[in-house]
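Letter by letter, the chains look like this.
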Amino acid sequence: DATNSFLTLSNVVEANQGAYAVVVSNTFGAVISSNALLVVNQPPISDASATRTTLISPNGTNATVILKGTRSSDPDGDTLQYTWFEAGQPVASGVVAIVVLPLGAHPFALVVSDGMLSATNGFTVEVITPSEAVMRLMALVDSNWPRSHPLYVTIAAALAAIERNDSIPAINQLQAFQNKVRAQVGPSDPVLAASFIQAAQDVIDALSGGNTNPAGRPHGR
C-alpha cells in the first residue's frame, strides 16, 4: 500500500518479514524491482541460572565448577553459540563448560549469540572452604530457628573437627545434625528443614572428596 520512493516499517514484528518489491512506473511503462528480503531477528536469551554459584572446595584450595547455559534460548529457534568470560576474559565455550577455580569470588558472564545479535548474563561463582560452609550453616540455623542451641552445638562440633582436619568425625557430627533437624525442625517447617539438611549434605559431600552434588542425587539417609 506504500506509494513513495521509500518504505518505512514501524514496530517491526515477525509477521513483517518476507520479500519486498517495488513497482516503478511513468507514462511510458512500469518495471518491478528485484526482491529485498526482510528478516526479523529477535535477540537470544542468555541464562546461566543452571550453574551452581557456591561450591565447597574438597581440598580447601580449589573446586571444579560446571558452567551451564542450558536454560538459554532463542525466540527464533536459531542455533546459539556460547562464550564464557571470567573478569572480562574468555575462558571457555560451549553450552556446558568445566573450569577449576581457586578459593574466592569469581565474576562470570555468559554471552550467547545467534550470529546476528547477542545477550549477556552476568553472575558470580564463589568457592569456599568446608569451614566457611559450616560457619554459614551455623548462621543460617541461628537466624532462622528459635530453638537453635541443640543444633548449634552439633554444628560447632563438626566445625571443630574440620579445623583439626578430622573429616570422619566432622561427617558424623553433620549427619547427627541432619537427624536432629528431621526430628526437631521437620515436623513444623519441612521447607526450612530441607534447607538445613541440604547445606549440611553439601559439606559432607565435599569432605567425602567430591564437589557438592552437581548431579542432583538424593541426599541424606
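Residues numbered from 1 in each chain as written. Predicted model: local features only at pLDDT ≥ 70, side-chain atom pairs only at ≥ 80, totals over all residues. Heavy atoms only, no water.

A.B. asks: I'm lost on the overall build of the chain in this one. Help?
C.D. replies: Helix and strand counts for the chain come out as four helices and eleven strands. Taking 17 Å as the expected radius of gyration for a compact globule of 221 residues, we find that the chain reaches 28 Å, considerably beyond that expectation. On the principal axes, the C-alpha backbone points of the chain span a range of 100 × 40 × 25 Å. The burial tally for the chain puts 33% of its 221 residues in the buried class. Sequence separation of at least 24 residues holds for 56% of the intrachain contacts in the chain that already meet a minimum separation of 6. (Helix = DSSP H or I, 4+ residues; strand = E, 2+ residues; numbered from the N terminus. Rg over C-alpha atoms; globule rule 2.2 N^0.38 Å. Buried < 20%, exposed > 50% of the residue type's maximum accessible area, 1.4 Å probe, protein only. Contact = heavy atoms within 4.5 Å.)

A.B. asks: So what exactly am I meant to see when it comes to helix H1 (residues 130–144) here?
C.D. replies: Counting along an α-helix, one turn takes 3.6 residues, and residues three or four places apart therefore face a common direction. Taking 1.5 Å per residue as the helical rise, H1 with its 15 residues ought to reach 21 Å, and the 21 Å between its terminal C-alpha atoms agrees with that figure. Looking at H1, one finds that the buried residues are Pro130, Ser131, Ala133, Val134, Leu137, Met138 and Val141. For H1, the buried positions fall inside an angular range of 160° around the axis, keeping them on one side. (Expected span 1.5 Å × (residues − 1). Arc of directions from axis to C-beta.)

A.B. asks: In this structure, what is going on with the packing of helix H3 (residues 167–184) against helix H4 (residues 190–207)? I would like to understand it.
C.D. replies: When two helices pack together, their arrangement is given by the angle between the helix axes and by the axis-to-axis distance. Relative to each other, H3 and H4 sit at 165°, their axes nearing to 9 Å. With respect to each other, H3 and H4 are oriented roughly antiparallel. Both H3 and H4 take part in a crossing whose hand is left-handed. Counted together, Ser167, Ala170, Ile171, Leu174, Gln175, Phe177, Gln178, Val181 and Arg182 of H3 and Ala193, Phe196, Ile197, Ala200, Gln201, Val203, Ile204 and Leu207 of H4 form the full contact between these two elements. A per-class count over the contact of H3 with H4 returns twelve nonpolar, four polar and one charged. (Axes fitted to C-alpha atoms, helices over the stretch in contact; angles between N-to-C directions. Parallel < 35°, antiparallel > 145°, perpendicular 65-115°, else oblique. Left-handed = near helix turned anticlockwise from the far one by under 90°. Nonpolar A, V, L, I, M, F, W, Y, C, P; charged D, E, K, R; others polar.)

A.B. asks: Sorry, what's going on with the side chain of aspartate 74 here?
C.D. replies: If you trace the backbone, aspartate 74 turns up in the loop between strand S6 (62–68) and strand S7 (81–86). Of note is the side chain of aspartate 74, whose polar atom sits 2.9 Å from the backbone nitrogen of aspartate 76. A distance of 3.1 Å separates a polar atom in the side chain of aspartate 74 from the backbone nitrogen of aspartate 78. Among residues more than four places away in sequence, those in contact with aspartate 74 are Gln42, Pro43, Pro44, Leu80 and Asp114. (Polar contact = N/O pair within 3.5 Å; in protein donor to acceptor, adjacent residues only side chain to side chain.)

A.B. asks: It is not clear to me how the pairing of S6 should be interpreted in this structure. Could you clarify?
C.D. replies: Successive residues of a regular strand alternate their side chains across the two faces of the sheet. Residues of S6 alternate between two faces, with Ala63, Val65 and Leu67 buried on one and Asn62, Thr64, Ile66 and Lys68 left unburied on the opposite face. Pairing of S6 with strand S9 (residues 96–102) involves seven bridges; the strand directions are antiparallel. Across the sheet, residue isoleucine 66 finds its bridge partner in S9, namely isoleucine 98. (Pairing = 2+ DSSP bridges.)

A.B. asks: It is not clear to me how the side chain of threonine 129 should be interpreted in this structure. Could you clarify?
C.D. replies: Within the element layout of this structure, threonine 129 appears in the loop between strand S11 (118–128) and H1. Not counting residues within four places of it along the chain, the set of residues in contact with threonine 129 comprises Ile56, Gly60 and Leu103.

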